[in-house]
Amino acid sequence: MADHPQLTAGAVARVMGNPDSKIGFHEGDVVQVINIKPVNPARPPGAAPAPSTESPRWRVTLSDGGHSVNCLASGPFSEPIVARSVEKNTVVRIRTSMISEISGRRIPVIVNADVVTKFGAKIGAPTAWESLHPAGAPAAPHSDPMSAGGEGQHPQQQHNAYQPPQQQNAYNQQQQSAYQPPQQQNAYQPPQQQQQSYQQHQPYQAPGSTYQAPGANTSGSGGYAGASYGGPSSASTGGGAQWGASAMGDDSDVVAIASLTPYKNVWKVRGRVTNKGDMRTYNGKNGQPGKLFSFTIMDESTDVRVTCFNEVADRLYPSVTQGRVYHLSNGKLKPANARYNSTQCNYEITADNETHMEELQGDAAARAPQIQVNAVPFADLPAVQVNGVCDVMGVIEEVGEVSTIVSKASQREMTKREITLVDQSMYAVRLTLWGSTAQSAQMQPGQVLGVKGVRVGDFGGRSLSALNSSVLMVNPDTPDAHALLGWYESAGRGSRWQSFGAGGGGGGMGGGMGGGMGGDATILPLAQAADPQFGTGEKPEYYTAEVVITHIRSTGTLAYPACSTCAKKVVETGPGSWRCDKCNEDRDAPDYRYVATVCVADASGQLWMQLFNDVGKVMIGCDANQLMPVMGMPEGQEILEDAVYRPFRVRVRAKPEVFNDESRVRHSIMEATPLAGEPAAMIQAARAARDLIAEYN
């Protein structure tokens with residue numbers, strides 16, 4: 001008999017033989033996958049068909065060589081199944097497992113496992129545990145599981161061999177796309193499987209750290225026995241159910257979040273709140289105002305979003321704290337809406353009057369998983385599809401100011417703040433924070449920032465945008481964060497970072513800038529950017545150029561008087577009085593902001609471009625509040641003359657706009673870095689001029 005991997009003898013009997021244990025397979029148990037089948041939750045007679053958005057779950061049959069047992073694949077372990085990394089007869093090493101009670105049956109849930117090898121045949125002659133113990137009754141382990149007699153084939157083994165998946169798993173559908181490592185383009189792989197590909201980009205190990213959530217309470221003297229979350233009395237609103245430990249019981253009836261379905265009305269889960277949103281208002285169908293808030297709770301199997309409305313929102317909002325551990329029971333489940341839900345669970349929960357919560361402390365809280373950030377190196381962000389969601393961790397290189405924009409879709413004013421992050425892959429990327437998060441963010445350059453659940457966009461090649469469900473952690477106390485900060489302090493600070501061009505390529509850039517410019521980036525001659533067809537597509541074109549300003553148009557609007565609070569234009573109503581209609585307030589003086597038009601040139605040609613306040617400060621060399629009071633005076637003319645013929649590397653957006661019923665491409669400078677003292681830029685410009693001359697000779 002050919003040599004085969006050594007399986008962990010007696011592992012199945014240990015898991016299934018103790019009905020009181022909630023522990024699944026032990027970490028390090030080696031078992032073989034002998035069958036895989038996609039399954040959907042059972043539906044009662046007459047139930048509606050499954051929604052088209054509902055993804056299959058995976059039932060895997062695991063064998064220790066003597067016994068086999070049906071298990072549920074959940075969370076990260078579903079992803080290698082879809083990616084075909086785990087197939088029939090694959091030998092795996094368990095990392096994380098738990099037991100879930102489903103309809104009175106003990107079902108092992110496999111959360112995470114590493115592939116040991118893909119073996120060519122079934123090892124041993126395992127007997128199905130369900131055929132020996134149909135009711136899940138305990139039995140003594142076989143004295144020699146490896147030599148147990150009988151084929152004991154799994155009921156599905158002959159007729160339901162593993163078929164290639166016909167659709168992506170739930171994680172992929174809900175995120176619109178999943179992280180795809182460069183060498184594999186089918187599904188997101190957990191960090192331990194990506195490690196090899198990461199090492200192709202950088203010498204450090206791929207992070208797979210466990211983060212302590214801010215305010216997480218994992219120690220104490222036990223739960224809040226008899227605590228009430230429903231107001232002065234201990235009765236909850238509407239349902240009359242009691243809140244607190246006395247109403248919740250112990251962990252004996254806790255199930256995995258991954259096992260929840262809309263067809264199971266009574267359930268209880270235990271998990272850590274990883275994110276809590278703000279209380280928001282909305283207008284209902286009849287124009288009646290309402291309120292809602294959402295939070296995300298996570299256990300070993302997956303995470304799920306919980307949304308609370310109106311009276312239930314008022315009742316639960318003060319009780320839910322990010323980072324703490326709770327028992328959560330009962331609520332309505334429905335298929336997750338991928339547009340608004342970034343969790344991995346197939347479903348989302350709507351809390352109602354029968355929903356109960358109990359905060360846990362001490363050992364009960366310590367057993368809950370910490371917030372995990374499976375950080376994707378910035379160099380691998382091009383493998384994350386646009387609008388996909390992933391985790392990142394980097395060192396803060398630059399923190400921008402809070403600014404406001406008006407949404408084109410809703411015409412609502414939105415607050416944002418941009419942060420530049422760098423990591424050991426030598427790439428920089430820009431992260432945008434929104435709303436109250438942008439206003440309250442207390443971050444400084446040089447700190448480590450970990451973000452769980454950030455959306456990847458294609459602005460400037462690749463960019464990051466925080467969601468309402470994103471979890472931000474500054475200077476997390478983890479080995480990976482310490483290693484990243486140590487590297488930055490010793491070797492990274494002041495480096496020239498690469499970033500992403502419009503096509504996803506990279507190029508180095510000076511420290512402190514995070515938008516996609518660099519010495520290794522392709523420098524586009526202005527003669528090509530001036531082509532009439534350039535930038536006329538549906539999406540904006542982004543390019544990097546090295547230019548000098550040849551003229552600043554001062555006859556038009558060079559800067560406008562703005563409100564210091566909202567940045568909207570203010571109108572002078574009298575001496576020392578400026579009116580802001582947006583804030584409905586008067587200001588003593590305006591805050592001038594650049595909105596200038598400049599002519600720039602390189603060795604190939606020239607082009608008119610527009611620049612705004614932050615870029616104007618860099619390229620003109622002073623704040624607009626310093627320039628505008630001296631415009632028309634010798635001092636103002638001197639400032640404008642000093643700005644001419646200074647070399648810059650600029651990041652430009654080319655986008656078609658309609659003006660006077662005529663469509664034309666507007667080139668806007670998004671970022672600028674001075675190139676004074678960099679002879680390489682001048683040499684490159686000279687070579688570009690030589691090549692252009694050669695074309696006409």
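Residues numbered from 1 in each chain as written. Predicted model: local features only at pLDDT ≥ 70, side-chain atom pairs only at ≥ 80, totals over all residues. Heavy atoms only, no water.

Some thoughts on the overall build of the protein
Convention followed: Helix and strand definitions follow DSSP, with helices as H or I runs of at least four residues and strands as E runs of at least two, each counted in order from the N terminus. The buried label applies to any residue whose accessible area, calculated with a 1.4 Å probe on protein chains only, is under 20% of its type's maximum; exposed applies above 50%, and partly exposed to all values in between. Whether two residues touch is decided by their heavy atoms; if any such pair falls within 4.5 Å, the residues are in contact. All accessible areas in this document rest on Shrake-Rupley with a 1.4 Å probe, and a residue is counted as covered only by the protein chains that are shown.
A tally of regular secondary structure across the protein gives 15 helices and 33 strands. Looking at the protein as a whole, 50% of its 697 residues qualify as buried. Excluding contacts between residues fewer than 6 apart, the proportion of contacts in the protein whose partners are at least 24 apart in sequence is 66%. Of the accessible surface of the protein, which amounts to about 31,600 Å², a share of 49% is contributed by carbon and sulfur atoms.

What about the nonpolar core?
The tendency in soluble globular proteins is for nonpolar side chains to be buried as a group. To keep things clear, this is the line we draw: Here, nonpolar core refers to any group of buried Ala, Val, Leu, Ile, Met, Phe, Trp, Tyr and Cys residues whose side-chain atoms link them within 4.5 Å.
Membership of the largest hydrophobic core comes to 32 residues, with the highest contact counts inside it found for Tyr-543, Met-619 and Val-650. Counting residues in hydrophobic clusters, the runner-up holds 25 residues, among them Val-12, Ala-13, Ile-36 and Trp-129.

Concerning the pattern of salt bridges
Counted only if it meets this: Salt bridge, as applied in this entry: a Lys or Arg side-chain nitrogen positioned within 4 Å of an Asp or Glu carboxyl oxygen.
What the rule picks out here adds up to 18 salt bridges. Across the pair Lys-291 and Asp-314 runs a salt bridge, and its minimum N-O distance is 3.3 Å. Of this pair, Lys-291 sits in strand E10 (residues 289-298) while Asp-314 sits in helix H7 (residues 310-316), placing them 23 residues apart in sequence. We classify Asp-314 as partly exposed; its relative accessible area is 41%. For Arg-579, the salt bridge is made with Asp-586, and the minimal N-O distance between the two is 3.2 Å. Looking at Arg-579, the relative accessible area reads 24%, which means it is partly exposed. Taken together, the shared-partner salt bridges connect Lys-416, Glu-418, Arg-430 and Glu-671 into one network.

Topic: the environment of Val-429
The residue Val-429 is located in strand E20 (residues 428-434) in this model. Look at Val-429 and you get buried, because its relative accessible area is 1%. Taking the C-alpha atoms as reference points, Val-429 and Ile-419, separated by 10 residues in sequence, lie 8.4 Å from one another.

Topic: helix H14 (residues 634-643)
Quick reminder of the rule: Throughout, the arc means the angular range of directions from the helix axis out to the C-beta atoms.
Buried within H14 we find Gly-636, Leu-640 and Ala-643. Seen end-on, H14 carries its buried residues on one side only, within an arc spanning 60°. For H14, exposure combined with an orientation more than 90 degrees from the buried face picks out Pro-634 and Glu-641. Considering only its buried residues, H14 is in contact with strand E25 (541-552), helix H12 (613-620) and helix H13 (624-627).

Here we look at a negative patch on the surface
Threshold: Candidate patch residues must exceed 30% relative accessible area and have no salt bridge, after which like charges are joined if within 9 Å and Val, Leu, Ile, Met, Phe, Trp or Tyr side chains if within 5 Å. Charge assignment: positive for Lys and Arg, negative for Asp and Glu; neither His nor the chain ends contribute. We put the charge of a Lys on NZ, of an Arg on CZ, of an Asp on CG and of a Glu on CD.
On the surface, Glu-635, Glu-638, Glu-641 and Asp-642 cluster together into a negatively charged patch. Among the secondary structure elements, Glu-638 is positioned in helix H14. For Glu-638, a relative accessible area of 48% puts it in the partly exposed group.

Considerations on the environment of Arg-496
Structurally, Arg-496 is set in the loop between helix H10 (479-492) and strand E23 (497-500). The exposure class of Arg-496 is partly exposed, given its relative accessible area of 40%. Placed 68 residues apart in sequence, Arg-496 and Ala-428 show a C-alpha to C-alpha distance of 9.3 Å.

Details of the sheet that holds strand E29 (residues 585-587)
Our working rule: In this analysis, strands are considered paired if DSSP registers two or more bridges between them. Axes here mean lines fitted to C-alpha atoms, for a helix over just the part in contact, with angles spanning 0 to 180 degrees between N-to-C directions.
Here three strands make up an open sheet; going across it, the order is E27-E28-E29 and the pairing antiparallel. With partners counted over all chains shown, the strands left at the sheet margins are strand E27 (571-574) and E29, one partner each. Here the average twist between neighbouring strands, direction ignored, is 40°. When E27 meets strand E28 (residues 577-580), the two strands line up antiparallel, connected through three bridges. Bridge pairing in E28 links Glu-572 to Trp-578.

Describing unusual backbone geometry
One non-glycine residue, Asn-310, lies in the positive phi region at around 50°. By the element assignment, Asn-310 lies in helix H7. A relative accessible area of 27% means that Asn-310 is categorised as partly exposed. Notably, Met-426 is not glycine yet its phi reads approximately 70°, a positive angle. Of note, Met-426 is situated in the loop between strand E19 (413-422) and E20. Taking relative accessible area as the criterion, Met-426 reaches 28% and is therefore assigned partly exposed.

Notes on the confidence of the model for the protein
Put simply, the rule reads: How sure the predictor is of each residue is captured by pLDDT, a score from 0 to 100.
Summary statistics for the protein give a mean pLDDT of 75 and a share of 73% for residues scoring 70 or more. Every residue in residues 136-249 is under pLDDT 50, and counting partners more than four places away or in other chains gives 287 contacts. A low-confidence stretch, residues 502-521 stays under pLDDT 50, and its non-local contacts, those more than four residues away or across chains, total 83 contacts.

Regarding the side chain of Thr-61
Our working definition: Polar contact criterion, stated in full: a pair of N or O atoms within 3.5 Å, where within protein one must be able to donate a hydrogen and the other to accept it, and residues adjacent in sequence count only if both atoms are side-chain atoms.
Its location among the elements puts Thr-61 in strand E2 (residues 57-63). The class for Thr-61 is buried, based on a relative accessible area of 1%. Here the side chain of Thr-61 touches Asn-70 through a polar contact of 3.0 Å, side chain to side chain.

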